[in-house]
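# Analysis of the macromolecular model
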Amino acid sequence: MWIYEKKLQYPVRVSKCDPRVARYLVEQYGGADGELSAALRYLNQRYSIPDKVIGLLTDIGTEEFAHLEMIATMIYKLTKDATPRQLEEAGLGSNYVNHDNGLFYANSAGVPWTAAYIGTKGDPLADLYEDIAAEEKARATYQWIIDMTDDVDLQDGLKFLREREIVHAMRFKEAVEILKADRDTKKVF
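Keep in mind that this is a model prediction, so the values were computed, not measured. (Residues numbered from 1 in each chain as written. Predicted model: local features only at pLDDT ≥ 70, side-chain atom pairs only at ≥ 80, totals over all residues. Heavy atoms only, no water.)

### Some thoughts on the overall build of the protein chain
- Assigned secondary structure in the protein chain consists of seven helices and zero strands.
- Reading the secondary structure of the protein chain in the N-to-C direction produces α-α-α-α-α-α-α.
- Radius of gyration (C-alpha) of the protein chain: 18 Å, near the 16 Å computed for a compact globule of 189 residues.
- Within the protein chain, counting contacts between residues at least 6 apart in sequence, those at least 24 apart form 80% of the total.
- As presented, the protein chain carries roughly 9900 Å² of accessible surface, and 54% of it is formed by carbon and sulfur atoms.
- The average position of the 24 basic charges and that of the 31 acidic charges among the side chains of the protein chain differ by 2 Å. (Helix = DSSP H or I, 4+ residues; strand = E, 2+ residues; numbered from the N terminus. Rg over C-alpha atoms; globule rule 2.2 N^0.38 Å. Contact = heavy atoms within 4.5 Å. Areas by Shrake-Rupley, 256 points an atom, 1.4 Å probe, with all protein chains shown as cover. Lys, Arg positive; Asp, Glu negative; His and termini not counted. Charge placed at Lys NZ, Arg CZ, Asp CG, Glu CD.)

Shown next as structure tokens:
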């Protein structure tokens, strides 16, 4: 089903070791509105969506996995040279004790990822509105993380991800209009 190219969707560059920012990025790795949740949400919802927009959910869901890979790379680069003390000071001490510098699906507060993060109703319009909200929340989080770092190289990758969230929200809004038009012309889903 997929062809995997062994390269990131967009280059990830980091200028310095910064475990504090890595901790914030963990939110986009394993948080409720992060990339894992988005990927699984969209790939799950596609089973109860009309054929006209199923491809959109598949495309965006798989792209979210590419974003997850970028986030993991950012976190790794931000922490690879950190001392245990620096990790502890950044709030990543318990992660270090449990996983060293290995990634664990949790939010920035350390709460493990849960399937409860995946919103699905089975109603195509309700699910698409949920998806729009999820993309807007992710966009906002990326902006706040951009604001929290002075690393222009890291900001570049984060801005790419922020812009992709905007595009995804726009695509979901287009899908809503397509389904509303079908509903209004009695092509009920």
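### Quick look at the UniProt feature "binding site: Ca(2+)" (unreviewed entry) in the protein chain
- On the UniProt side, "binding site: Ca(2+)" (unreviewed entry) is annotated at positions that read Asp-59 here.
- Mapped onto the fold, Asp-59 is located in helix α3 (residues 51-79). (UniProt positions renumbered as here; feature names shortened; annotations may be inferred.)

### Focus on empty space enclosed by the protein
- All told, the structure shown has one cavity of 30 Å³ or more when counted by the stated rule.
- Computed from the structure, the largest cavity encloses a volume of approximately 30 Å³.
- Every residue along the wall of the largest cavity is listed here: Asp-33, Gly-34, Glu-35, Ala-38, Tyr-42, Glu-64, Ala-134, Glu-135, Ala-138 and Glu-165.
- Sorting the residues of the lining of the largest cavity by element identifies α2 (35-45) and α6 (124-148) as the ones contributing at least two each. (1 Å grid on protein atoms, 1.4 Å probe; cavity = no way out; pocket = protein on both sides within 12 Å on 5 of 7 lines; lining within 4 Å. Points joined across faces, edges and corners; volume = space filled by probe spheres on them.)

### Some remarks on the packing of α6 against helix α7 (residues 152-184)
- One can describe the packing of α6 onto α7 by two numbers: an axis separation of 9 Å at closest approach and a directional angle of 165 degrees. By the criterion of interaxial angle, the relationship of α6 to α7 is roughly antiparallel. As α6 runs across α7, the sense of the crossing is left-handed.
- Broken down by class, the residue content of the contact of α6 with α7 amounts to 17 nonpolar, three polar and 10 charged. (Axes fitted to C-alpha atoms, helices over the stretch in contact; angles between N-to-C directions. Parallel < 35°, antiparallel > 145°, perpendicular 65-115°, else oblique. Left-handed = near helix turned anticlockwise from the far one by under 90°. Nonpolar A, V, L, I, M, F, W, Y, C, P; charged D, E, K, R; others polar.)

### A closer look at the pattern of salt bridges
- The final tally for this structure, using the stated rule, is 12 salt bridges.
- Between Asp-182 and Lys-52 there is a salt bridge whose closest N-O contact spans 3.1 Å. Pair noted here: Asp-182 is in helix α7 and Lys-52 is in helix α3, with a separation of 130 residues, a long-range link.
- Its relative accessible area of 53% is what places Lys-52 among the exposed residues.
- Residue Glu-174 is joined to Arg-171 by a salt bridge in which the shortest nitrogen-to-oxygen separation is 3.4 Å. (Salt bridge = Lys/Arg side-chain N within 4 Å of Asp/Glu carboxyl O. Buried < 20%, exposed > 50% of the residue type's maximum accessible area, 1.4 Å probe, protein only.)

### Here's the deal with the nonpolar core
- By size, the foremost hydrophobic cluster in this structure holds 25 residues, and its most contacted members are Leu-25, Ile-71, Met-74, Leu-154 and Leu-158.
- Residue contributions to this core peak at seven residues, all from α3.
- Ignoring any residue separated from it by four or fewer positions in sequence, one finds Ile-71 in contact with Leu-25, Gln-28, Tyr-29, Glu-35, Tyr-142 and Leu-161.
- Judged by nonpolar contacts, the second largest core, of 15 residues, contains Ile-49, Val-53, Leu-125 and Ala-134. (Core = buried A, V, L, I, M, F, W, Y, C linked by side-chain atoms within 4.5 Å.)

### Considering the packing of α2 against α3
- For the pair α2 and α3, interaxial distance at closest approach is 8 Å and the crossing angle is 160 degrees. Of the possible angle classes, the one that applies to α2 and α3 is roughly antiparallel. For the pair α2 and α3, the crossing hand works out as left-handed. Listed contacts from α3 to Glu-35, Leu-36, Ala-38, Ala-39, Leu-40, Tyr-42, Leu-43 and Gln-45 of α2 are Leu-57, Thr-58, Ile-60, Gly-61, Thr-62, Glu-64, Phe-65, His-67, Leu-68 and Ile-71.

### Overview of α2
- Burial of α2 is extensive: nine of the 11 residues sit out of reach of the surface.
- Those residues of α2 that fall on the buried side of the exposure criterion are Glu-35, Leu-36, Ser-37, Ala-38, Ala-39, Arg-41, Tyr-42, Leu-43 and Gln-45.
- Residues of α2 that are buried make contact with α1 (19-30), α3, α6 and α7.

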